[in-house]
Amino acid sequence: MIQFPIQIDPLQAAQELAELNLKIAQGVQTMSTIRDEEIQYGVSEKHAVYREDKMVLYHFEPLVEQPFEVPVLISYALVNRPYMTDLQDNRSLVKNLLQLGLDIYLIDWGYPGREDRWLTLDDYINGYMDAAVDVVRARHGLEQINLLGICQGGSFALCYTALNPAKVKNLVAMVTPVDFGVEDGLLNLWTGCQIGSESVDADLMVEALGNIPGDFMNFGYLMLKPYQLNVQKYMGLANIATDRRRVQDFLRMEKWIFDSPDQAGEAWRQFIKDFYQANKLITGEVEIGGKQVDLAAIDMPVLNIYADDDHLVPPASSQALAQYVSTDDYTEANFPVGHIGMYVSGKVQRDLPPLITDWLKARK
Amino acid sequence: MYGNGDAAKMAQAWTDAQQQMWQGWLELMQSTPAAGVAQWQKLAEQNMQAWLDNADPTARRAAEQLVNSQQAAVKFLQMAASAWEEIAKQMADGNEWRAALDDYSRRMAAEMNAGVTQWANMMQAAAQAPDAWQPYTQPWTHLWQQTAAQWQQPGFAPSFGALGDVVSRTFDVYQQTFGRFLDTPPLGYAREYEEKVRRLTKVMQEFAVANVEYQAVMTDAWVNGLTKLMEALVARAQAGKPIRTFQELSAEWADIADPAFYEVFVGEKYVRAQGKLLTATMNYRIAQREFVEIMAKQLDMPTRTEVDAAHKSIYTQRRELRALKHALAEANARIAKLETALAEQPVVAPAPAEAVAPAASDNGAAQKAASKSSTSKPAPKKPSTRKSTTGRSTKSRTSKQESED
């Protein structure tokens, strides 16, 4: 006879429960007193230097007297807000890069409204992004600048660089999807890398919704790891419930996760159909504003950074870049974290900024 | 506002409420755990409400999730205990544990799918026999006739009062028909044209079928999770390492849950079911919009389609404006270059009238040159070295081109 595997002593269980409930009650009480003003983000001083429609180009105040002469422009994804790169004092990629002497600009794509439903990838890449690059070039009197693309913003950076290689000195791609056909990525599968529009009928969705709601996108992300992201994470919150600072950190992250802009319908349609479903980025068939994106046109130095445990962008998807660019100077770096860990892990924040900075400075 | 002492009181109240539930659970008795959960949840909600009334949105959401997550975990663990009890009984009767587990999983899936299958069959049958839906479409047709008759009366002027009346009656009809079956958003106000009703009926059928099919696949995911948990429990039992705390049990499930779901989520069956549900939901939304737009037009209100068209027109003009600005900037840059070039030209003595033409020609050439200069790309840069700096976690890789070399 097999031994009964659950042998929880009722008295101990009662004590456990009492402790857990106390933590939860204290946590709820703590949270009821935390105001939104306490969980602000963005620690580095910045100024808007260019605006077009809802896009804003920010310049961060340098933290050294003589910043590195070639500035870095950060292109973030459309699906979340870019302040993840400057979340809080001890979790800020931007701040760390500034401290190491880089001069940083950041594109904030804004929150598309229903009137932006017709914005295309051409508008984002050849319009807003190109304008931002030109502004930075003009401010520094340079022909070329450094581009740092993150996640979907990395895919945009690849497209932009392939179309405008003369304007980009060095390209850094961070957790960037390149091969959307990699099937061990649940997101790739659900979005249609296998069965196309039978997974997601992008045309129908845009017809029905206009813009794709941020909440819809978020629901999809939560379903990728339903227990961890909907239950386990909050059970863990009970353990830090009495530590106001840690609860604030938790809430700051929550705020970022659920601060998801709607996606401009036409741009989303093209991204889903051409990138996820037809995987055209690696076949050179993506067309942005009537021009074909050929990754082989990327002949400047490339630093490709990916996360080993990334459940949104599988490492293989990022690593594929090596096969398609024509540069002779390609560097790959990986960190043993997940997608979000790239911004918030203490170890990554210790090692990643110097890696990027040293790599760029060696290529001035 | 509660004080610190209240947190302890609240926690004690929750604990007392949970105590009964857990006692039954731990002893694997025929208790009614669901009632226990409900009681505790009610208490938690009441207490939370008092605290969070003035909380900001981010904190409120997280606090609610904090309590909900415990509830979700407790429910699942109850299910797991119940499953184990079933399996243990079969094992006590001399059955092998794996067979007992398989048998339990099969029965659980069948039970969970029973309602789903019944629904799917009913919906599919209904879709194939539109007449069967007459009882559901009839009230809508009646509402349309009633509304149309009212609106066609001389002197009838659409107003918000009249609209409210239609909304109210529409909702009543909805509740009498589809609302009984589906937990879908309200239809909103509508002037009922039969073809739109039929279209709406059809997409609602498709939505219902897709929904139950999706739920069926989700059942597979849950059964898979539970099966994996039972396997883990058996392994612990065989190794003589029973679970001794609630946290251990919770951690065991946390390790198992998402990978078990993943095994189902990654399959084509799940992907297709999810896609079908998404498509059905979108079709429903479009049909709903078409339906509402008929009403909006009657009331001389702008429709979504019209607003979209207006937005498209504005967008097109924005693009044209941007292109014009770029063209203007480029033209200005060329002019500036030309002016600079002209200013730098050596001053020459005034030429006779017939010599003016060549000078103008020079200007043209300068303009072309300036134009070319402003649009040409910089000379290709020297390729960078292949060697790269590497950190501890970096590695240099040769590109495809390099390896082909």
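Since the structure is predicted, the reported quantities are computational estimates derived from the model, not experimental observations. (Residues numbered from 1 in each chain as written. Chains lettered and ligands numbered in written order. Predicted model: local features only at pLDDT ≥ 70, side-chain atom pairs only at ≥ 80, totals over all residues. Heavy atoms only, no water.)

A tally of regular secondary structure across chain A gives 14 helices and 12 strands. Whereas a compact globule of 364 residues would reach a radius of gyration of roughly 21 Å, chain A reaches 22 Å, a difference of no more than 12%. Overall, the C-alpha framework of chain A stretches about 70 × 55 × 45 Å when taken along its three principal axes. Here chain A holds 364 residues, and 68% of them are scored as buried. Total accessible area computed for chain A in this model is approximately 11,900 Å², and 48% of it derives from carbon and sulfur atoms. Each charge class in chain A was averaged separately, 30 positive and 50 negative side chains, and the resulting centres sit 5 Å apart. (Helix = DSSP H or I, 4+ residues; strand = E, 2+ residues; numbered from the N terminus. Rg over C-alpha atoms; globule rule 2.2 N^0.38 Å. Buried < 20%, exposed > 50% of the residue type's maximum accessible area, 1.4 Å probe, protein only. Areas by Shrake-Rupley, 256 points an atom, 1.4 Å probe, with all protein chains shown as cover. Lys, Arg positive; Asp, Glu negative; His and termini not counted. Charge placed at Lys NZ, Arg CZ, Asp CG, Glu CD.)

So, about the nonpolar core. Counting 178 residues, the largest nonpolar core has A:Y124, A:M174, A:I305, A:M342, A:L352 and B:M230 as its most contacted members. The element best represented in this core is helix 7 (residues 194-238) of chain B, accounting for 12 residues. (Core = buried A, V, L, I, M, F, W, Y, C linked by side-chain atoms within 4.5 Å.)

Residue and element names in this part refer to chain A. Mapped onto the secondary structure, R137 falls in helix 3 (residues 121-140). Overall, the relative accessible area of 14% leaves R137 in the buried class. A polar side-chain atom of R137 sits 2.6 Å from a polar atom in the side chain of D134. With near-sequence residues (within four places) excluded, R137 lies in contact with L142, E143, I145 and K167. (Polar contact = N/O pair within 3.5 Å; in protein donor to acceptor, adjacent residues only side chain to side chain. Contact = heavy atoms within 4.5 Å.)

On inspection of all chains with the given rule, the structure shows 37 salt bridges over all chains. Its salt-bridge partner being B:E206, residue B:K202 comes within 2.7 Å of it at the nearest N-O pair. A residue pair is termed a helical-turn pair when its members lie 3 or 4 positions apart in one helix, as B:K202 and B:E206 do in helix 7 at four residues. B:K202 gets classed as partly exposed once you look at its relative accessible area, which sits at 47%. What you see here is one network of salt bridges that share partners, running through A:E52, A:D122, A:D123, B:R319 and B:R322. (Salt bridge = Lys/Arg side-chain N within 4 Å of Asp/Glu carboxyl O.)

Residues and elements named next belong to chain A. With five of five residues buried, strand 6 (residues 104-108) is to be regarded as a mostly interior element. By the alternation rule, side chains of strand 6 split into I104, L106 and D108 and Y105 and I107, which are all buried. Pairing of strand 2 (residues 55-60) with strand 6, which is carried by four bridges, proceeds in the antiparallel orientation. Looking at the pairing, H59 lines up with Y105 of strand 6. With four bridges joining them, strand 3 (residues 72-75) and strand 6 adopt parallel strand pairing. (Pairing = 2+ DSSP bridges.)

Next up on the list: the packing of aromatic side chains. The geometry of an aromatic ring pair comes down to the distance between the two centres and the angle between the two planes. Residues and elements named next belong to chain A. Taken as a whole and judged by the stated rule, the model has 23 aromatic pairs over all chains. Geometrically, the ring pair formed by Y124 and Y128 is edge-to-face, given 5.7 Å between the ring centres and 75° between the ring planes. Of this pair, Y124 and Y128 both sit in helix 3, separated by four residues, roughly a single helical turn. In terms of burial, Y124 and Y128 fall into one category: buried. (Phe/Tyr/Trp six-rings, centres within 6.5 Å; stacked < 30°, edge-to-face > 60°.)

Moving on to the packing of helix 3 of chain A against helix 10 (residues 304-344) of chain B. Here helix 3 of chain A crosses helix 10 of chain B at 30°, and the two axes come no closer than 12 Å. Viewed along their axes, helix 3 of chain A and helix 10 of chain B adopt a mutual orientation that is roughly parallel. Relative to helix 10 of chain B, the crossing made by helix 3 of chain A is left-handed. Taking contact as the criterion, the partners of A:D122, A:D123, A:G127 and A:Y128 in helix 3 of chain A are, on helix 10 of chain B, B:Y315, B:R318, B:R319 and B:R322. (Axes fitted to C-alpha atoms, helices over the stretch in contact; angles between N-to-C directions. Parallel < 35°, antiparallel > 145°, perpendicular 65-115°, else oblique. Left-handed = near helix turned anticlockwise from the far one by under 90°.)

In this section: the pairing of strand 8 (residues 168-174) of chain A. Residues and elements named next belong to chain A. Here strand 8 lies mainly inside the structure; seven of its seven residues are buried. By the bridge criterion, six bridges tie strand 7 (residues 145-150) to strand 8 in an arrangement that is parallel. Considered in strand 8, the bridge of L148 is made with V172. Read as a crossover between parallel neighbours, the route from strand 7 over helix 4 (residues 152-163) to strand 8 is right-handed. (Right-handed = clockwise from strand over helix to strand, strands pointing away.)

Take the environment of A:Q66 next. Mapped onto the secondary structure, A:Q66 falls in the loop between strand 2 and strand 3. Note: C-alpha distance between A:Q66 and A:F219 (153 residues apart in sequence) is 45 Å.

Take helix 4 of chain A next. Residue and element names in this part refer to chain A. The terminal C-alpha atoms of helix 4, which comprises 12 residues, lie 17 Å apart, in line with the 16 Å expected from a rise of 1.5 Å per residue. The buried fraction of helix 4 amounts to 12 of the 12 residues, a majority that puts the element mostly inside the structure. The complete set of buried residues in helix 4 reads Q152, G153, G154, S155, F156, A157, L158, C159, Y160, T161, A162 and L163. (Expected span 1.5 Å × (residues − 1).)

With that settled, consider helix 10 of chain B. Three- or four-residue spacings in an α-helix give side chains the same orientation, since the helix completes a turn every 3.6 residues. Helix length check: helix 10 of chain B (41 residues) gives 59 Å between terminal C-alpha atoms against 60 Å at 1.5 Å per residue, within 8%. Taken together, the buried positions of helix 10 of chain B are occupied by B:D308, B:H311, B:Y315, B:R322 and B:L338.

Okay, the environment of B:L229 next. All names here are of chain B. Structurally, L229 is set in helix 7. By relative accessible area, which is 0% here, L229 ends up buried. Counting along the chain gives 108 residues from L229 to K337, while the straight-line C-alpha distance between them is 75 Å.

On to the confidence of the model for chain B. All names here are of chain B. Averaged over all residues, the pLDDT of chain B equals 67, while 48% of them reach at least 70. Taken as a whole, residues 24-36 scores under 50 in pLDDT and shows 21 contacts with residues more than four places along the chain or in a different chain. Under a pLDDT of 50 for its full length, residues 397-405 has, in the predicted model, 16 contacts with residues more than four places off or in other chains. Scoring of the predicted complex yields 0.76 for pTM and 0.91 for ipTM. (pLDDT = per-residue confidence, 0-100.)

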